[in-house]
Amino acid sequence: MTALEKKHAVIIEAPDEVEKNEPFEVEVRVGEYKEHPNEPGHFIEWMELYQGDTFLARLDLTPEKSHYVMKTTIKLDHAHPLKAWAKCNLHGLWEETKEIKIK
Ligand SMILES: [Fe+2]
């Protein structure tokens, strides 16, 4: 991982396996390996969570005052990877996916 990749790495925290249509918590965050700046000239503008092409959640952020962690509760009715995006105002879009099995 380069320093740029470490700062922008998107993490999806969620169970590996869930019950069909049972709500569960998901956390999406940025900069697990190296802290990303959070100042007017350089910050994470927004984060989004999808399952495949299906939109699930979005968080808009403002520099200095809000931190780039998005927590939400979702439920799934079929197995398809979760996909999270984070948009840095200087370095563009960063993406992560996570497979979740459905019981
Ligand atoms: Fe950045």
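Residues numbered from 1 in each chain as written. Predicted model: local features only at pLDDT ≥ 70, side-chain atom pairs only at ≥ 80, totals over all residues. Heavy atoms only, no water.

Let's talk about the overall build of the protein chain
The helix and strand tally for the protein chain stands at 1 helix and 9 strands. Along the chain direction, N to C, the helices and strands of the protein chain fall in the order α-β-β-β-β-β-β-β-β-β. Along the first, second and third principal axes, the C-alpha atoms of the protein chain reach 45 × 25 × 20 Å. Counting every position in the protein chain, which comprises 103 residues, the buried fraction comes to 40%. Of the contacts formed within the protein chain by residues at least 6 apart in sequence, a portion of 60% connects residues at least 24 apart. Summed over its atoms, the accessible surface of the protein chain is roughly 6100 Å², and 45% of this surface lies on carbon and sulfur atoms. Between the mean site of the 14 positive side-chain charges and the mean site of the 20 negative ones, the protein chain shows a separation of 1 Å. (Helix = DSSP H or I, 4+ residues; strand = E, 2+ residues; numbered from the N terminus. Buried < 20%, exposed > 50% of the residue type's maximum accessible area, 1.4 Å probe, protein only. Contact = heavy atoms within 4.5 Å. Areas by Shrake-Rupley, 256 points an atom, 1.4 Å probe, with all protein chains shown as cover. Lys, Arg positive; Asp, Glu negative; His and termini not counted. Charge placed at Lys NZ, Arg CZ, Asp CG, Glu CD.)

Quick word on the sheet that holds strand β5 (residues 54–60)
Pairing in this open sheet of 4 strands is antiparallel, and the strands run β5-β4-β7-β8 from one edge to the other. With one partner strand each, in any of the chains shown, β5 and β8 (92–98) form the two edges of the open sheet. Within this sheet the neighbouring strands show an average axis-to-axis angle of 15 degrees, counted without direction. (Pairing = 2+ DSSP bridges. Axes fitted to C-alpha atoms, helices over the stretch in contact; angles between N-to-C directions.)

Section: the coordination of the iron ion
Of the protein atoms, only His8 (NE2), His36 (NE2), His42 (NE2), Cys88 (SG) and His91 (ND1) coordinate the iron ion, at distances of 2.1 to 2.3 Å. Counting residues between consecutive donors of the iron ion along the chain gives the motif H-x27-H-x5-H-x45-C-x2-H. Placement of the pair is histidine 8 in helix α1 (residues 3–8) and histidine 36 in the loop between β3 (24–30) and β4 (44–51), with a sequence separation of 28 residues. In this structure histidine 8 comes out as buried when scored by relative accessible area, which is 1%. (Donors = N, O, S within 2.8 Å, 3.2 Å for Na, K, Ca; no water.)

Some remarks on the UniProt feature "domain: Desulfoferrodoxin ferrous iron-binding" (unreviewed entry) in the protein chain
Per the UniProt record, the feature "domain: Desulfoferrodoxin ferrous iron-binding" (unreviewed entry) sits at residues 2–96. When the span residues 2–96 is considered, its composition is 6% helix and 48% strand, and the gap between its end C-alpha atoms is 16 Å. (UniProt positions renumbered as here; feature names shortened; annotations may be inferred.)

Describing the pairing of β3
Each regular strand shows side chains that alternate between the opposite faces of the sheet. Of all the 7 residues making up β3, 6 are buried; the element is thus mostly covered by neighbouring parts of the structure. The pairing of strand β1 (residues 10–13) with β3 spans 4 bridges and is classified as antiparallel. Across the sheet, residue isoleucine 11 finds its bridge partner in β3, namely arginine 29. In terms of strand pairing, β3 meets strand β6 (residues 69–74) through 6 bridges, oriented antiparallel. Following the sheet pairing, valine 28 is matched in β6 by methionine 70.

Re the environment of leucine 93
Locating leucine 93 in the fold gives a position in strand β8. Note: C-alpha distance between leucine 93 and methionine 47 (46 residues apart in sequence) is 9.5 Å.

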